[in-house]
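Results of the structural survey
Below are the chains, spelled out letter by letter.
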Amino acid sequence: MTNEQIAQDLVAKFGEDKIYGIMENYGLLNVTTSVDTIVPLLHYLYQHPTFKFQFLTDLAGIHFPDAVGQEFGVIYHLHSLENNVRLIIKLYVPLESPKVPTITGLYATANWMEREAFDFYGIIFEGHPNLIRILNVEDMDYHPMRKEYPMEDATRQDKIDSLFGR
């Protein structure tokens, strides 16, 4: 089973408009899909008689504030333990509606991973059984990993150039 075979199979099953951005980085197949395709795609990969992507290695949120209409993304890292093949699937959602369907019904491990992406980025996983903050305090009214905040605290006094002879 090669990355090319997987990519061809996914495009044949779902179409080029639903499976795009196909590339290979360091031997890992990367594909991009849409919000409405992610759940059927993951079920297909999980139940496929040959591929058997039955292990969710990681799920992470990302934020690209300059990508209008695709500011937030979710990256799924899948692993076929039987074939020792990995696959990365990406999808993007707009800032105005950062909603993605949950995959906790397929991968139980997605529960905490989706909660973490919600906690840090504000991505809403629709249908999640308990979408609450997991690492930050519950009364936080912001999502700290969003690139909406300055990189450094402007009130810090220990980084003034004159203190370093500059």
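Residues numbered from 1 in each chain as written. Predicted model: local features only at pLDDT ≥ 70, side-chain atom pairs only at ≥ 80, totals over all residues. Heavy atoms only, no water.

As a further point, take the environment of histidine 48. Summarising the element assignment, histidine 48 is placed in the loop between helix H2 (35–47) and strand E3 (55–63). For histidine 48, a relative accessible area of 12% puts it in the buried group. Here phenylalanine 51 takes part through its backbone nitrogen, which lies 3.1 Å from a polar atom of the side chain of histidine 48. (Helix = DSSP H or I, 4+ residues; strand = E, 2+ residues; numbered from the N terminus. Buried < 20%, exposed > 50% of the residue type's maximum accessible area, 1.4 Å probe, protein only. Polar contact = N/O pair within 3.5 Å; in protein donor to acceptor, adjacent residues only side chain to side chain.)

Moving on: helix H3 (residues 110–121). When the terminal C-alpha atoms of H3 are compared, their 16 Å separation across 12 residues agrees well with the 16 Å that a helix rising 1.5 Å per residue should span. A large share of H3 lies buried, amounting to nine of its 12 residues. Burial in H3 covers these residues: Ala110, Met113, Glu114, Arg115, Ala117, Phe118, Asp119, Phe120 and Tyr121. If you follow the buried residues of H3, they end up packed against E3, strand E4 (72–80), strand E6 (99–101) and strand E7 (124–126). Phi for glycine 122, located one or two positions after H3, is positive at around 80°. (Expected span 1.5 Å × (residues − 1). Contact = heavy atoms within 4.5 Å.)

Remark: helix H1 (residues 3–14) packs on H2, axes separated minimally by 12 Å, with the N-to-C direction vectors making an angle of 130°. Relative to H2, the element H1 is oriented oblique. When you trace H1 past H2, the crossing you get is right-handed. Seen from H1, the contacting residues are Asp9, Leu10, Lys13 and Phe14; seen from H2, they are Thr37, Pro40, Leu41, Tyr44 and Leu45. A per-class count over the contact of H1 with H2 returns six nonpolar, one polar and two charged. (Axes fitted to C-alpha atoms, helices over the stretch in contact; angles between N-to-C directions. Parallel < 35°, antiparallel > 145°, perpendicular 65-115°, else oblique. Left-handed = near helix turned anticlockwise from the far one by under 90°. Nonpolar A, V, L, I, M, F, W, Y, C, P; charged D, E, K, R; others polar.)

Moving on: the sheet that holds strand E2 (residues 28–33). Remark on secondary structure: sheet strands pair via backbone hydrogen bonds, oriented parallel or antiparallel. The sheet built from five strands is open, its strands ordered E1-E2-E5-E4-E3 with mixed pairing. The two strands at the open ends of the sheet, each matched to only one other strand, are strand E1 (20–25) and E3. On average, adjacent strands in this sheet sit at an angle of 20° to one another, irrespective of strand direction. One ladder, built from five bridges, connects E2 with strand E5 (residues 85–93); its direction is parallel. For threonine 32, the partnering residue across the bridge sits in E5 and is lysine 90. Together, E2, E4 and E5 form the strand contacts of H2, whose direction differs from that of E5 by roughly 165°. The sheet contacts of H3 involve E3 and E4, and relative to E3 the element is tilted by about 10°. (Pairing = 2+ DSSP bridges.)

Moving on: the nonpolar core. In summary, soluble globular proteins display a tendency toward joint burial of nonpolar side chains. In terms of nonpolar packing, the biggest core is built from 36 residues, with Leu42, Leu45, Tyr76, Leu78 and Ile89 touching the most fellow members. Among the elements of the structure, H1, E2, H2, E3, E4, E5 and H3 are those that each provide at least two residues to this core. Dropping the residues within four chain positions of it, leucine 78 is found in contact with Leu42, Leu45, Phe53, Phe55, Leu56, Thr57, Val85, Arg86, Leu87, Ile89 and Tyr107. (Core = buried A, V, L, I, M, F, W, Y, C linked by side-chain atoms within 4.5 Å.)

Bringing the pattern of salt bridges into the picture now. The tally for this structure, following the rule as stated, stands at three salt bridges. The partner of glutamate 82 in a salt bridge is lysine 52, with the nearest N and O atoms 3.1 Å apart. Of the two residues, glutamate 82 sits in the loop between E4 and E5 while lysine 52 sits in the loop between H2 and E3, which places them 30 residues apart along the sequence. Residue lysine 52 is classed as partly exposed on the basis of its relative accessible area of 24%. Two residues, arginine 133 and aspartate 119, come together in a salt bridge whose shortest N-O distance is 2.5 Å. In this pair, arginine 133 sits in the segment after E7 while aspartate 119 sits in helix H3, placing the two residues 14 residues apart along the sequence. For the pair shown, arginine 133 and aspartate 119 are each scored as buried. (Salt bridge = Lys/Arg side-chain N within 4 Å of Asp/Glu carboxyl O.)

All quantities given are derived from atomic positions and should not be read as evidence of function.
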